[in-house]
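# Descriptive analysis of the structure
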Amino acid sequence: QWRRFTFFNKQSIPATTSGRSWETLRNIEITCSTCGRGSLIFGDILCSRFHGLVHIVNHNFQVSTFKAFEITLLHLFQLKLHNVLAAVGIDETGINPVIKVWNMDKRDKNGNPFCGRIISFFKSTQVTSFCVHENQALMAVGFAMGSVALYKGDIAKDSQNKTIHLSIESDARITGLSFHGVGKSSHLFATTEDLVVSFNLQDKVPKKNILDHRGCQVLCSTLSDTAMDHQFIVASTDAVYAYQPDARGPAFAFEGEKWMAKWFNGYLVVVYKDKGRSSVPSSRWVGWKVGGSNPARSMKIPEKNIVTIYDTKQKLIAYSSPLPGVQELLYEWGSLFAVAADNNLVCLQEIDIHQKLEMLFKKNLYSLAVNLARSQDLGDEGLVDIFKQYGDHLYSKGDFDGAIAQYIKTIGRLEPSYIIRKFLDAQQIRNLTFYLQAMHERGLANEDHTTLLLNCFTKLKDVDNLNKFIMTELHFDVETAIRVCRQAGYYEHALQLAEKHHKHKWYLKIQLEDTHQHRKALAYIRQLPFNEAENSVKRYGKALVTHVPEETTDLLKLLCTDVNSFNFYLIFFYSTSNLINNKYIYCSFQDIFPLIGISPITNHPDYQPSKPTNPQLSTRSVSKSNGVDFIHIFVNSPDMLVKFLEHLIKVQDNAPETVYNTLLELYLQKLANPNEIKLESLALNLLKEISVKRYDTDQALLLCQMNDFRPGILFLYQACKLYQQILRYHMDHEAHGLVVDTCRRYGGEDGALWQQALTYFAKQQGHHATNETIGSLTSHPHIEKHNLLPPLLVVQLLSKNSTVTLGVVRDYILRRIRQESDEIENCEKSIADYQVETQEMKNKIEQLKTGATIFQETRCSLCSFELELPTLHFLCQHAFHVHCFESYADNESECPVCLPKNQKILENLREQEQVGIMALHEQFNNQLKRSSDGFSIIADYFSKGVFN
């Protein structure tokens with residue numbers, strides 16, 4: 001049984017006094033009706049002096065009338081797409097009916113609609129059915145003798161039409177006609193009281209296709225709309241049947257004797273004969289021969305009818321109510337109109353969707369409400385409210401499964417917290433899981449929803465769904481999912497998520513901190529892109545070096561390999577015919593190891609040897625890692641750090657200075673072990689490289705001093721030319737022989753070494769300050785040559801040692817005295833010569849100033865030709881042609897011949913001045929270094945005007 005509702009309100013059209021209202025039609029005999037284009041149209045029969053009229057009712061129920069036929073109208077058909085009205089009627093008694101077509105948009109000279117077409121029948125027979133196609137190219141007329149006249153052509157123009165006669169069933173009147181489809185899919189449905197047939201109008205001679213051997217009465221067939229795919233509806237006594245052009249469709253078991261059937265706005269409207277009341281003759285009982293009646297309506301009209309409106313899609317009765325004497329059913333302006341007894345016009349107005357839903361909510365018919373809302377395109381907002389109310393209703397009844405199914409339909413519209421709070425109870429976690437899964441499937445879940453869903457999975461121990469969730473491509477916060485799985489102890493699931501979504505940080509954190517699978521973590525890093533691998537090693541390298549030192553060190557060597565020598569190789573793997581998978585692929589780190597001199601790691605479970613291939617190697621520019629960034633991870637593995645740093649220095653021409661210093665520190669620390677004496681040569685070689693590369697040696701020197709590495713200290717002193725430091729080092733260690741050797745070796749470069757050495761030995765007391773040592777020190781020829789030890793200074797220094805006699809340096813002092821005497825004698829002689837030369841120059845200058853100069857030169861000093869005026873004479877007795885002087889002279893105020901000699905003298909003077917300045921500078925620096933009060937030295941030089 002279909003549920004019954006009252007989705008329509010019934011009201012009678014009231015009488016109107018202004019103008020020609022519906023009230024003026026109460027006394028006519030209605031023979032036919034149609035509707036469309038905003039009007040209700042009725043035809044009447046001969047009655048009093050008015051006959052054959054067409055009455056047009058507008059939306060204000062005002063009536064306009066025009067005369068269509070002289071006697072009566074039998075059938076009316078108003079096209080919906082065009083304002084064209086077609087009718088079948090009788091103009092003369094005893095004459096065959098005619099068809100007239102009016103263009104309702106045009107008017108004739110009398111102001112009536114323009115009749116553009118009149119068609120006469122060729123045989124005398126009763127017309128029982130009539131219909132027109134919306135394309136205005138097809139028209140069908142059904143007769144009482146079981147045939148149909150099909151007209152092809154433009155029905156609105158008075159031209160020759162093609163008429164085809166279709167025979168259906170002899171002596172069986174046609175009770176209904178309807179056109180279906182357009183173009184090549186056009187069909188004509190026809191019914192008798194015993195048959196339902198269809199014709200394919202594309203055939204040159206349409207053939208009859210019998211669809212059913214049960215027919216219907218007049219007015220009991222109609223054509224549905226898109227709600228039922230434009231199927232042909234036939235209302236028989238036992239049921240209502242639907243037909244496609246080639247087969248019968250669904251049937252509805254609506255029992256009862258039908259009086260009329262119409263299709264209205266998705267609804268099937270059926271008028272039943274009331275079984276409780278007997279039928280009485282209609283007041284419109286006329287004969288066709290005498291008065292020209294409509295044979296289709298020459299039957300008894302029931303005194304009482306039941307009008308029922310069916311919603312075939314939702315399987316419900318939208319309205320059902322008795323209505324006396326229904327004559328016509330029309331639909332216009334969104335409402336259904338029925339002409340009842342005494343020509344009363346009754347309007348059945350459909351209520352709005354919200355009123356329908358409120359009615360269904362009161363009866364808890366939520367499923368029906370949802371279907372109804374969808375059928376009327378209520379929209380998502382309207383549906384969400386229905387789903388929510390439906391879910392609340394089921395939740396209150398304890399049907400949690402049904403409730404969550406409705407709440408899932410509200411996702412994206414209703415606040416999720418409203419539903420989540422309802423299902424937080426432990427017994428309802430399973431339902432909450434369904435809801436949260438649906439949110440993720442639609443990509444509307446946030447981080448909190450992901451956390452809650454995974455917690456539900458873990459509490460339910462639902463591993464299967466957890467696996468499905470992880471492996472699907474749903475949109476969710478991956479890091480949240482990983483964190484929840486990790487906290488719940490589902491490490492494998494967390495690892496799967498991290499690996500699938502390239503969350504390298506999480507994968508490595510779980511492997512290293514939770515599962516302690518260090519080899520797997522290292523194997524995972526090998527598969528990462530360069531930058532990711534570098535960052536991962538920086539972050540987790542300390543743990544990896546601790547547990548898998550060899551493998552981690554090899555990986556670091558690869559990361560820090562120079563791009564031009566041992567960089568990442570792009571391997572083009574070729575098979576014998578094709579490129580594998582037609583792609584370039586990067587070989588694994590394991591495949592690269594042999595290429596850079598590293599043995600592949602074959603002893604861990606993740607190692608798989610590569611298949612034999614014919615690789616072609618091609619380098620590409622990839623930024624190498626800075627080895628300094630990884631030094632800190634070897635804090636607990638100094639041996640591995642040594643190997644790592646040695647590799648960096650080996651493969652990198654310009655390894656960072658920190659690498660050398662760190663490796664040196666490691667070497668020096670290991671030298672404390674007697675068994676590592678061989679490292680001394682390695683350390684010295686490293687220092688040599690530091691020196692060659694001109695790195696800052698302060699750090700290296702500090703390391704050597706801290707570890708008392710004597711060869712390294714002396715090497716760095718020598719490399720930095722710190723000869724005084726070398727001397728001091730030997731003095732501190734009382735290596736007298738090395739002190740003398742240092743002076744002999746480096747004394748030529750730093751003369752102060754001899755003075756420092758002599759001072760050192762002079763301060764020695766006892767057997768250490770031997771006469772032979774001092775004698776050998778003072779007898780060195782370099783000292784006398786450069787006057788490094790003045791005799792007075794030697795005597796002063798040795799006077800501080802009571803064990804040293806003057807005889808030790810007697811020969812040195814005598815030699816120095818003789819040398820100085822000779823030097824004094826030479827200097828006095830030079831002074832006398834310079835005084836004579838100076839006096840001569842003064843005399844000559846005075847003569848030039850006070851006396852006349854006679855120029856006796858007759859030849860040019862440049863070209864050697866005889867002088868000719870104009871000439872130029874200098875006081876140096878050189879003369880020149882003016883043109884020669886201008887050509888050769890660089891300075892017009894100086895003699896070109898004397899200029900080179902004068903310039904040389906000036907240069908010598910400048911050099912002597914510069915030497916004096918340099919000597920003064922060196923003297924100043926030496927005093928400043930030796931003085932404990934540097935400020936006094938600076939002040940003294942300022943007072944002497946040295947800095948001016």
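Residues numbered from 1 in each chain as written. Predicted model: local features only at pLDDT ≥ 70, side-chain atom pairs only at ≥ 80, totals over all residues. Heavy atoms only, no water.

## A short note on the overall build of the chain
Inclusion rule: In this description a helix means any DSSP run of H or I spanning at least four residues, a strand means any run of E spanning at least two, and both kinds are numbered starting from the N terminus. The contact criterion used is simple: two residues touch if any of their non-hydrogen atoms lie within 4.5 Å. Using a 1.4 Å probe, accessible areas were evaluated by the Shrake-Rupley method; residue-level cover was limited to the displayed protein chains.
When helices and strands are counted, the chain shows 30 helices and 33 strands. In the chain, once contacts between residues fewer than 6 apart in sequence are set aside, the share between residues at least 24 apart is 50%. Approximately 50,400 Å² of the chain is accessible, and the part contributed by carbon and sulfur atoms is 49%.

## Structural notes on the sheet that holds strand β11 (residues 127-132)
Applicable threshold: The pairing criterion for strands is at least two bridges between them, as found by DSSP. Between the N-to-C directions of two axes lies an angle of 0 to 180 degrees, each axis being a line fitted to C-alpha atoms and, for a helix, fitted only over the stretch in contact.
The antiparallel open sheet is built from four strands, whose spatial order is β11-β12-β13-β14. Of all the strands in the sheet, just β11 and β14 (162-167) have a single pairing partner and so form its edges. The average angle at which neighbouring strand axes cross in this sheet is 15 degrees, direction not considered. Taken together, the five bridges between β11 and strand β12 (residues 138-143) define a ladder with antiparallel strand orientation. Looking at β12, one finds that V127 is bridged to F143.

## Comments concerning the pairing of strand β8 (residues 84-90)
Regular strands place their side chains on alternate faces of the sheet. Here is the rule: Think of it in three bands: residues with accessible area under 20% of the maximum for their type are buried, residues over 50% are exposed, and the middle band is partly exposed, with areas taken using a 1.4 Å probe on protein chains only.
Judged by how many residues are buried, β8 sits mostly within the fold: seven of seven residues are covered. Burial along β8 is two-sided: V84, A86, V88 and I90 facing one way and L85, A87 and G89 facing the other are all buried. The pairing of strand β7 (residues 72-78) with β8 spans six bridges and is classified as antiparallel. Bridge pairing in β8 places L76 opposite A87. If you look at the hairpin formed by β7 and β8, you'll find five residues sitting between the two strands. For β8 and strand β9 (residues 98-107), the ladder comprises six bridges, and the chain directions are antiparallel. What sits directly across from G89, in β9, is V98.

## Quick notes on the UniProt feature "coiled-coil region" (unreviewed entry) in the chain
What counts, and what does not: UniProt positions are given in the numbering used here, feature names are shortened, and annotations may be inferred rather than shown by experiment.
As recorded in UniProt, the feature "coiled-coil region" (unreviewed entry) lies at residues 817-851. Counting secondary structure, residues 817-851 comes out at 97% helix and 0% strand; the distance between its end C-alpha atoms is 50 Å.

## A word on helix α9 (residues 478-487)
With respect to burial, α9 is a largely interior element, seven of its ten residues being buried. Every buried residue of α9 is listed here: V478, T480, A481, I482, V484, C485 and R486. Within two residues after α9, G489 carries a phi angle of roughly 85 degrees, on the positive side.

## What about the sheet that holds strand β10 (residues 113-120)?
Here four strands make up an open sheet; going across it, the order is β7-β8-β9-β10 and the pairing antiparallel. Single-partner strands in this sheet number two, and they are β7 and β10. Here the average twist between neighbouring strands, direction ignored, is 25 degrees.

## Let's talk about the layout of surface pockets
The criterion, for reference: Note on definitions: the grid is 1 Å and covers protein atoms alone; a cavity is a set of points where a 1.4 Å probe fits but cannot get out; a pocket is an open set with protein on both sides within 12 Å along at least five of seven lines; lining residues have an atom within 4 Å of a point. Grid points are joined across faces, edges and corners, and a volume is the space filled by probe spheres set on the points. Charged residues are taken to be Asp, Glu, Lys and Arg, nonpolar residues to be Ala, Val, Leu, Ile, Met, Phe, Trp, Tyr, Cys and Pro, and polar residues to be all remaining types, Gly included.
The calculated volume of the largest pocket comes to roughly 1,300 Å³. For the largest pocket, the lining is made up of 46 residues, of which F77, K80, S178, L223 and Y331 are closest to its centre. Elements with a contribution of two residues or more to the lining of the largest pocket: β3 (30-36), β7, β11, β15 (176-180), β19 (221-223), β23 (258-264) and β27 (328-332). Considered class by class, the residues forming the lining of the largest pocket number 22 nonpolar, 18 polar and six charged.

## Examining the packing of helix α13 (residues 530-547) against helix α14 (residues 549-559)
Selection criterion: Oblique is the label for any angle not covered by the other classes, which are roughly parallel (under 35 degrees), roughly antiparallel (over 145) and roughly perpendicular (65 to 115). We call a crossing left-handed when the near helix sits turned anticlockwise from the far one by less than a right angle, and right-handed when that turn is clockwise.
The interhelical angle for the contact between α13 and α14, taken along N-to-C directions, is 155 degrees, at an axis separation of 10 Å. Taken as axis vectors, α13 and α14 run roughly antiparallel relative to one another. In this structure, the crossing between α13 and α14 has a hand that is left-handed. Within the contact between the two elements, α13 uses F530, A533, E534, V537, G541, L544, V545, T546 and H547 and α14 uses P549, T552, L555, L556 and L559.

## Quick word on a negative patch on the surface
Here is the rule: Like-charged residues within 9 Å of one another, or nonpolar side chains (Val, Leu, Ile, Met, Phe, Trp, Tyr) within 5 Å, are grouped into patches, provided each residue has over 30% relative accessible area and no salt bridge. Salt bridges are counted wherever a side-chain nitrogen of Lys or Arg sits within 4 Å of a carboxyl oxygen of Asp or Glu. By the counting scheme adopted, Arg and Lys are positive, Glu and Asp are negative, and His together with the chain ends is not counted. We put the charge of a Lys on NZ, of an Arg on CZ, of an Asp on CG and of a Glu on CD.
Taken together, the side chains of D822, E823, E825 and E828 present a region of like negative charge at the surface. Positionally, E828 belongs in helix α27 (residues 810-850). On the accessibility criterion, E828 (52% relative accessible area) is exposed.

## With respect to a nonpolar patch on the surface
Taken together, L848, F855 and L875 make up a surface patch of nonpolar side chains, about 270 Å² in accessible area. Along the polypeptide, L875 turns up in the loop between β32 (871-873) and β33 (879-881).

## Side note on the pattern of salt bridges
If the charged atoms of two oppositely charged side chains come close together, the side chains can form a pair. With the rule as written, the count across this model stands at 20 salt bridges. Of the charged contacts, one joins K100 and D91 as a salt bridge, the two residues approaching to 3.3 Å between their closest N and O atoms. A salt bridge links D629 to K538; the nearest nitrogen and oxygen atoms lie 3.5 Å apart. One end of the pair, D629, is in the loop between β31 (616-619) and α16 (638-651); the other, K538, is in helix α13, with 91 residues separating them in the sequence.

## Describing unusual backbone geometry
A cis amide bond links L869 with the next residue in sequence, P870, at an omega value of 0 degrees. Locating P870 in the fold gives a position in the loop between α27 and β32. The phi angle at D708 is positive, at roughly 50 degrees, despite the residue not being glycine. Along the chain, D708 turns up in the loop between α19 (698-706) and α20 (710-719).

## Some thoughts on the packing of helix α17 (residues 657-670) against α19
It is the contact of α17 with α19, at a shortest axis distance of 10 Å, that shows an interaxial angle of 10 degrees. In terms of axis orientation, α17 runs roughly parallel to α19. Residues N661, L664, E665 and L668 of α17 lie in contact with α19, whose contacting residues are Q699, A700, L703 and C704.

## Re the side chain of H449
Examined against the element boundaries, H449 turns out to sit in helix α7 (residues 447-460). The exposure class of H449 is buried, given its relative accessible area of 11%. Among residues more than four places away in sequence, those in contact with H449 are P416, I420, L436, M439, H440 and L444.

## Things to note about helix α8 (residues 463-471)
Since there are 3.6 residues in each turn of an α-helix, residues three or four apart along the chain are aligned in direction. Test applied: It is the directions from the helix axis to the C-beta atoms that the arc portrays.
Buried within α8 are the following residues: L466, F469 and I470. Down the axis of α8, the buried side of the element spans an arc of 95 degrees, and every buried residue falls inside it. Away from the buried face of α8 by more than 90 degrees, exposed residues D464 and K468 are located. The elements touched by buried residues of α8 are α6 (429-441), α7, α9 and α10 (491-500).

## Considerations on the packing of aromatic side chains
Selection rule: Stacked, edge-to-face and tilted labels apply to pairs of Phe, Tyr and Trp rings (six-membered ring for Trp) whose centres lie within 6.5 Å, assigned for plane angles under 30 degrees, over 60, and everything in between, in that order. Any Lys NZ or Arg CZ that is within 6 Å of a ring centre and within 35 degrees of that ring's normal is treated as a charge sitting over the ring.
Tallying each qualifying case throughout the model produces 31 aromatic pairs. For the ring pair W2 and F254, a centre distance of 5.1 Å and an interplane angle of 90 degrees mean the geometry is edge-to-face. Taken together, the residues W2 in the segment before β1 (3-4) and F254 in the loop between β22 (247-252) and β23 connect sequence positions 252 residues apart. With a relative accessible area of 23%, W2 lands in the partly exposed category. Overall, the relative accessible area of 8% leaves F254 in the buried class. The ring of F69 carries K100 above its face, with NZ or CZ at 4.6 Å from the centroid. Here K422 stacks its cationic end above the ring of Y395, 4.7 Å away from the centre of that ring.

## Let's talk about the pairing of strand β5 (residues 53-57)
The element β5 is largely enclosed, with a buried count of five among its five residues. Covered by surrounding structure in β5 are L53, H55 and V57 together with V54 and I56, the residues of both alternating faces. Bridge count between strand β4 (residues 39-44) and β5: four bridges; the pairing is antiparallel. The residue of β5 that forms the bridge with F42 is H55. Judged from the five bridges that link them, β5 and strand β6 (residues 63-67) form a sheet pairing that is antiparallel.

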